[in-house]
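The chain contents come next:
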Amino acid sequence: MWIHGALATALLMSNACRDDEDDGDSADSAASSGSTGITSTTTGVDSSGGTTELGTTDGSTGGSTSTGDEATTTGGTTGGAACGDGVAVAGELCWGPSTLLAKTPTGDIVIADMDGDGALDLIAGHAGSFSIHPGNGDGTFADAVIVGTPSGVLGVAVGLFDGDDNLDVAASNTGDDTVGIHLGNGDGTVSAGQVIAVGNSPRGIAVADFDGGGLDLAVTNEASGTVSILLGQGDGTFASDSDLLVGSSPIAVVATDLDDDMNIDLVVDNFGPGTISVFLGGPGGFGPESAFGTGVAPRTVIARDLDGDGAIDISTPNQANDNFAVLLGSGMGSLGMPNFFATGVGPRDGADGDFDGDGLPDIALALETDNAIGVLRNDRRDGLSFEAGDPIATITRPSVVAIGDLDGDGVDDIAVGSIEAGGGLAVILADP
């Protein structure tokens, strides 16, 4: 997760995925690590823009994970003569195999240290539950804790909501039109907290301090075309403040500072019209919407300085165009025309991380049609330049990715989930 200067203590982007009846998925299937111990992820709906309700269960069927022994794909993709020697070399792109953790369809993933042991854990949304997979610090995971929810969880975010030092979880219950707050116990488990009514079909969740009073939430409501602003009270509860009107099918939201004024701004991905909505924050709340075109069927939103000029840029994969759009930021709140970079087929989600150890932000893409992860390597030869790496074979129809150093070797790894029945949750470790 990228954190800008002295912004909020936990600035998290997490956007969930919601499935579409027309893509052949079962209607009852679920959909840059730092010292804060929080990283994140995202995705969106399918190219028709429709939605399908996720199934509701009591959470008892979520199952537990293995410790990472089940390899689901063939060997890793490597791109350096010294791959596998354990020494990270700048420019060396090395991957191990994709390893299955759970077969439960997965709608969102967040990477964070939920139990405070210094090892990153995985939090994943499913149909009628979310799961917490405790990391062992070496890229393997202990059995998951399953937390039942009222409906399919298509958005997960974490933050310190109640004033203690234990990370808490916010989960968007898409079929129930609510957001559930789950307060962390500090040992990798959570206790049920407040349930907050929001708009129709909530999805993505962003966490940041909007008003100077503690961590707040912004929640995209796909079927309502709105973003609900929930103000944190500092005790683990939230008060509904307002709804921001955006384009149709808003599926992802990120909190960042586009105009460098130390106030939190919101950037929303609108799947329907193929636009990005920007709301600049200030002492009186959020200003009016500014909309910027991206391409056809944008799937998520990433906020990161990709060209090295010090200004935050906004990017998104366009699933229907098989490309990745980068809108360069001016540093004053506006965005330029999109720059397009070719991807594999069906880029459904994306996240940034440093995969080749050169200190530059690269992009990992869930290529749903290719059953692979695509990597765009940032080399900044011309200020903004990406080079495509070899696709990495993974689980069927990957739909969401999250990035973090899961094995402590100093190189970012990839967690990937699939909303497809039988797709599940997998990890791809860098192999320097």
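Refer to the preceding data block for the structure.
Treat the numbers as computed from the prediction; the structure is a model and nothing was measured.

Peer 1: Pulling in residues and values, what's your account of the overall build of the chain?
Peer 2: Looking only at helices and strands, the chain has 0 helices and 33 strands in total. The 432 residues of the chain split such that 61% are buried. For the chain, the exposed area adds up to about 13,700 Å²; of that, 48% sits on carbon and sulfur atoms.

Peer 1: Account for empty space enclosed by the protein, with residues named and values stated.
Peer 2: By volume, the second largest cavity amounts to about 50 Å³. Class assignment for the residues of the lining of the second largest cavity results in 7 nonpolar, 1 polar and 3 charged.

Peer 1: Please give an account of the pattern of salt bridges that cites residues and values.
Peer 2: It is possible for side chains bearing opposite charge to pair when their charged atoms get close. Under the defined criterion, the tally for this structure stands at 6 salt bridges. The closest approach of N and O atoms between Arg203 and Glu222, which form a salt bridge, is 3.2 Å. Highlighted residues: Arg203 in strand S14 (residues 202-208) and Glu222 in the loop between strand S15 (216-221) and strand S16 (226-232), separated in sequence by 19 residues. Take Arg203 and Glu222: they sit in the same class, and that class is buried. The residue Arg348 makes a salt bridge to Glu368 at a minimum N-O spacing of 2.9 Å. Note that Arg348 is positioned in strand S26 (residues 347-353) and Glu368 in the loop between strand S27 (362-367) and strand S28 (372-378), a separation of 20 residues in sequence. Each of Arg348, Glu368, Arg397 and Glu420 takes part in one network of salt bridges that share partners.

Peer 1: Give me the pairing of strand S7 (residues 121-126): which residues, what numbers.
Peer 2: Counting buried residues along S7, 6 of its 6 residues qualify, which places the element largely inside the surrounding structure. Alternating positions in S7 separate into two faces, Asp121, Ile123 and Gly125 on one and Leu122, Ala124 and His126 on the other, with burial throughout. Where strand S6 (residues 108-112) lies against S7, 5 bridges are found, and the strand directions are antiparallel. Note that in S7 the partner of Val110 across the bridge is Ile123.

Peer 1: Could you give an account of the side chain of Ser151, naming the residues involved and the relevant values?
Peer 2: Secondary-structure assignment places Ser151 in the loop between strand S9 (145-148) and strand S10 (153-159). The class for Ser151 is buried, based on a relative accessible area of 2%.

Peer 1: Could you give an account of the layout of surface pockets, with specific residues and numbers?
Peer 2: The volume enclosed by the largest pocket comes to roughly 320 Å³. Surrounding the largest pocket, 20 residues form its lining, Asp209, Phe210, Asp211, Gly212 and Gly282 being those nearest its centre. Among the elements of the structure, S16, strand S17 (238-245), strand S20 (275-282) and strand S21 (285-293) are those that each provide at least two residues to the lining of the largest pocket. Partitioning the lining of the largest pocket into residue classes produces 10 nonpolar, 7 polar and 3 charged.

Peer 1: Tell me what's going on with the state of the cysteines, and back it up with residues and numbers.
Peer 2: Applying the stated criterion across every chain, the model contains 1 disulfide. Cys83 shares a disulfide with Cys94; S-S distance 1.9 Å. For the disulfide bridge between Cys83 and Cys94, the dihedral angle about the S-S bond is near -75°, and by the sign convention the bridge is left-handed. Here Cys83 is found in the loop between strand S4 (78-79) and strand S5 (93-102), whereas its partner Cys94 is found in strand S5, with 11 residues between them in sequence. For Cys83, a relative accessible area of 21% puts it in the partly exposed group.

Peer 1: Please set out the sheet that holds strand S19 (residues 265-270) residue by residue, giving values where relevant.
Peer 2: Reading across from one edge, S18-S19-S20-S21 is the order of the 4 strands in this open sheet, with antiparallel pairing throughout. The outermost strands of the open sheet, each flanked by one partner alone, are strand S18 (250-256) and S21. The average undirected angle you get between the axes of adjacent strands in this sheet is 20°.

Peer 1: Give a description of the pairing of S10 that names residues and reports values.
Peer 2: Counting buried positions over the 7 residues of S10 gives 7, a clear majority of the element. Pairing between S10 and strand S11 (residues 168-173): 6 bridges, direction antiparallel. By the bridge assignment for S11, Val158 is matched with Val169.

Peer 1: For unusual backbone geometry, give the residues involved together with the corresponding values.
Peer 2: Positive phi outside glycine occurs at Asp177, with the angle close to 55°. When its relative accessible area of 25% is taken as the criterion, Asp177 is described as partly exposed. Phi is positive for Ala297, which is not a glycine, with a value near 65°. Within the element layout of this structure, Ala297 appears in the loop between S21 and strand S22 (302-304). When its relative accessible area of 4% is taken as the criterion, Ala297 is described as buried.

Peer 1: Report on the side chain of Thr178, specifying residues and quantitative values.
Peer 2: Secondary-structure assignment places Thr178 in strand S12 (residues 178-184). Separated by 2.9 Å, the side chains of Thr178 and Asp176 make a polar contact. What Thr178 contacts, discounting residues up to four positions off in sequence, is Ala171, Ser172, Asn173, Val195, Ile196, Ala197, Val198 and Pro202.

Rules used throughout
- Residues numbered from 1 in each chain as written.
- Predicted model: local features only at pLDDT ≥ 70, side-chain atom pairs only at ≥ 80, totals over all residues.
- Heavy atoms only, no water.
- Helix = DSSP H or I, 4+ residues; strand = E, 2+ residues; numbered from the N terminus.
- Buried < 20%, exposed > 50% of the residue type's maximum accessible area, 1.4 Å probe, protein only.
- Areas by Shrake-Rupley, 256 points an atom, 1.4 Å probe, with all protein chains shown as cover.
- 1 Å grid on protein atoms, 1.4 Å probe; cavity = no way out; pocket = protein on both sides within 12 Å on 5 of 7 lines; lining within 4 Å.
- Points joined across faces, edges and corners; volume = space filled by probe spheres on them.
- Nonpolar A, V, L, I, M, F, W, Y, C, P; charged D, E, K, R; others polar.
- Salt bridge = Lys/Arg side-chain N within 4 Å of Asp/Glu carboxyl O.
- Pairing = 2+ DSSP bridges.
- Disulfide = S-S within 2.5 Å.
- Axes fitted to C-alpha atoms, helices over the stretch in contact; angles between N-to-C directions.
- Polar contact = N/O pair within 3.5 Å; in protein donor to acceptor, adjacent residues only side chain to side chain.
- Contact = heavy atoms within 4.5 Å.

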